[in-house]
Number of protein chains: 2
Amino acid sequence: MARTQGSHSELTAPRIRAAALKLFARHGYAAVSMRQIAKDVGLQAGALYNYTPDKQSLLAELMRAHMEDLLAARAEAASAQLAPLEALAGFVRFHIGFHIERPEEVFIAYMELRALEPDNFADIEALRRRYEDELEAILRRGAAAGVFAVEDPKIATLAVIAMLTGVNTWYRAGGRLSLEEVEEIYWGMVRRAVGA
Amino acid sequence: MARTQGSHSELTAPRIRAAALKLFARHGYAAVSMRQIAKDVGLQAGALYNYTPDKQSLLAELMRAHMEDLLAARAEAASAQLAPLEALAGFVRFHIGFHIERPEEVFIAYMELRALEPDNFADIEALRRRYEDELEAILRRGAAAGVFAVEDPKIATLAVIAMLTGVNTWYRAGGRLSLEEVEEIYWGMVRRAVGA
DNA sequence: CTTTGATTTGAACGCCTGTTCAGTTAAGAC
DNA sequence: GTCTTAACTGAACAGGCGTTCAAATCAAAG
């Protein structure tokens, strides 16, 4: 069995994912061809099919990996026994920090949902809902404890996430504000928005 | 001079725009072909070129029309002499009402910016900035008057707009909440978020 | 050094792309 | 009823699409 060690595949696979991530984020899934991805990696288009069954799976895998990273990182950062206010602060800072570090993945995850075939769409959507449920649970706990004044926890969840994810539309590393300052400003707005 | 009245072009032009709007919103600009648009209208692809110089202009015109509608509707609804709190309430209700009525235009305006060639991109971006400046002016006036507690008016502007526009991701006509209820919930969150 | 098989090439497949344009159709003007 | 011309068709253009696959390449195992 040759090429089990030093095989190119262990290097090529992540390079293909990186190229696809970059190009999908920049131009959109439909506007990027397999030949463009291959060229970016330094391969012929046919070689990509050693690593993905088709273009759709390449996209779906990028999105699935991102959402699973998100849930795993969140599981590590969260602590269920925190009081609602501290839990919310933790969520806000986590969300901003995680998303700001992965602008390409986030862009794709929000923009290319419509490019997913039904099965893949359902999978990704389920992962997203699991993440949203974490914030919703915090808001419900806080509302039940009388610490938050949220009229509709479900909508407050979506509103807060939309506001936080919006950071990615303007934040640039090395810009006017540091990550910590951004987290502080948004935490202030979220805290007041939920009436805490 | 034949066909000056009863000409098809006065009917065909808006039908082409409507078809392009629907298809671009549903599948994305890059994923929609001129033949698909033509088929939706009931024409051959070549006939589209009596109404648009090319596919790119068709997209750019849809986006420009939407942004100009937005600014015109806003100009009509706004009244500069309102106190900051009332002005903000007016902006929030206007934004939600306007955007909820035009889900396809809004979707395209936010998702297809990257599909625009540089000149078109700059045009649309300038229109968007003009709209954002209206909210920013309200927040600055309120902050100066001590009515609002916004640490960074520019970021608060983007945060509020992101939150409000997020309504379009979940709102469906005939759903659990009426437009008025949605406006009320979001106005509550925005009012508290800016410390009013 | 030969063998093995993972990896990649390069050409080909059928189909679709945006756009052009000579020719056809048909509505209104005279 | 003829003329004019806007509106549209249908075919063609050159090129790109996702995907397949026999053949070539080449690193490691024996």
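Residues numbered from 1 in each chain as written. Chains lettered and ligands numbered in written order. Predicted model: local features only at pLDDT ≥ 70, side-chain atom pairs only at ≥ 80, totals over all residues. Heavy atoms only, no water.

(A) Expanded view of the overall build of chain A. Scanning chain A for helices and strands turns up 8 helices and 0 strands. Across chain A, helices and strands are ordered from the amino to the carboxyl terminus as α-α-α-α-α-α-α-α. C-alpha extents for chain A along the principal axes are approximately 65 × 40 × 35 Å. Residue burial in chain A is summarised as follows: out of 196 residues, 48% are buried. A separation of at least 24 residues holds for 69% of the contacts in chain A among residues at least 6 apart in sequence. Counting every atom, chain A has about 9700 Å² of accessible surface; 52% of that belongs to carbon and sulfur. (Helix = DSSP H or I, 4+ residues; strand = E, 2+ residues; numbered from the N terminus. Buried < 20%, exposed > 50% of the residue type's maximum accessible area, 1.4 Å probe, protein only. Contact = heavy atoms within 4.5 Å. Areas by Shrake-Rupley, 256 points an atom, 1.4 Å probe, with all protein chains shown as cover.)

(B) Up close: the relation of the copies chain A and chain B. Superposing chain A onto chain B takes a rotation of 180 degrees combined with a translation of 0.0 Å along the rotation axis, leaving an RMSD of 0.0 Å. Each copy turns onto its partner about a two-fold axis. (Least-squares fit on C-alpha atoms with pLDDT ≥ 70 in both.)

(C) Quick look at helix α6 (residues 118-144) of chain B. Residue and element names in this part refer to chain B. A rise of 1.5 Å per residue sets the reference length of α6, with its 27 residues, at 39 Å; its end C-alpha atoms lie 37 Å apart and thus fit the reference within 8%. Among all positions in α6, only Asn120, Ile124, Leu127, Arg128, Tyr131, Glu132, Leu135, Glu136, Ile138, Leu139 and Gly142 are buried. Considering only its buried residues, α6 is in contact with α3 (55-77), α4 (84-100), α5 (103-111) and α7 (153-165). Directly beyond the C-terminal end of α6, a positive phi value near 75 degrees is found at Gly146. (Expected span 1.5 Å × (residues − 1).)

(D) Focus on the domain arrangement of chain A. Residue and element names in this part refer to chain A. The domain boundaries assigned to chain A delineate domain 1 (1-52) and domain 2 (56-193). One C-alpha centre belongs to domain 1, the other to domain 2; they are set 29 Å apart. Each side of the interface is counted separately: domain 1 has 12 residues, and domain 2 has 11 residues. The three residues of domain 1 that bury the most area against domain 2 are Leu21, Ala25 and Tyr29, which together make up 55% of that side's buried surface. For the pair domain 1 and domain 2, the interface holds 0 salt bridges. Taken together, the links from domain 1 to domain 2 amount to 3 residue pairs in polar contact (both at pLDDT 80 or more). Top contributing element to the side of domain 1 that touches domain 2 by residue count: helix α1 (residues 9-27), with 8 residues. Residue classes in the side of domain 1 that touches domain 2 are distributed as 7 nonpolar, 2 polar and 3 charged. (Domains from an automatic or database assignment. Buried area = accessible area lost by both parts, 1.4 Å probe. Salt bridge = Lys/Arg side-chain N within 4 Å of Asp/Glu carboxyl O. Polar contact = N/O pair within 3.5 Å; in protein donor to acceptor, adjacent residues only side chain to side chain. Nonpolar A, V, L, I, M, F, W, Y, C, P; charged D, E, K, R; others polar.)

(E) Structural view of the interface of chain A and chain B. Each partner contributes to the interface: chain A provides 35 residues, whereas chain B provides 35 residues. In this assembly, chain A packs against chain B so that about 2700 Å² is buried in total across both faces, 63% of it on carbon and sulfur atoms. Three residues, Arg114, Ile155 and Arg192 of chain A, lead the burial of chain A against chain B; their summed loss comes to 26% of the area buried on that side. Inspection of the region where chain A meets chain B yields 6 salt bridges. For the pair chain A and chain B, the interface holds 10 residue pairs in polar contact (both at pLDDT 80 or more). For the side of chain A that touches chain B, the secondary-structure elements that each account for two or more residues are α1, α5 (103-111), α7 (153-165) and α8 (179-193) of chain A. Here the side of chain A that touches chain B is built from residues that sort into 21 nonpolar, 5 polar and 9 charged.

(F) Fine view of the side chain of Arg192 of chain A. Inspection of the secondary structure puts Arg192 of chain A in helix α8. A relative accessible area of 18% means that Arg192 of chain A is categorised as buried. Reaching out from Arg192 of chain A, the side chain makes a polar contact with the backbone oxygen of Ala193 of chain B at a distance of 2.9 Å. Apart from residues no more than four positions distant in its own chain, Arg192 of chain A is found in contact with Ala149, Glu151, Arg192, Ala193, Val194 and Gly195 of chain B.

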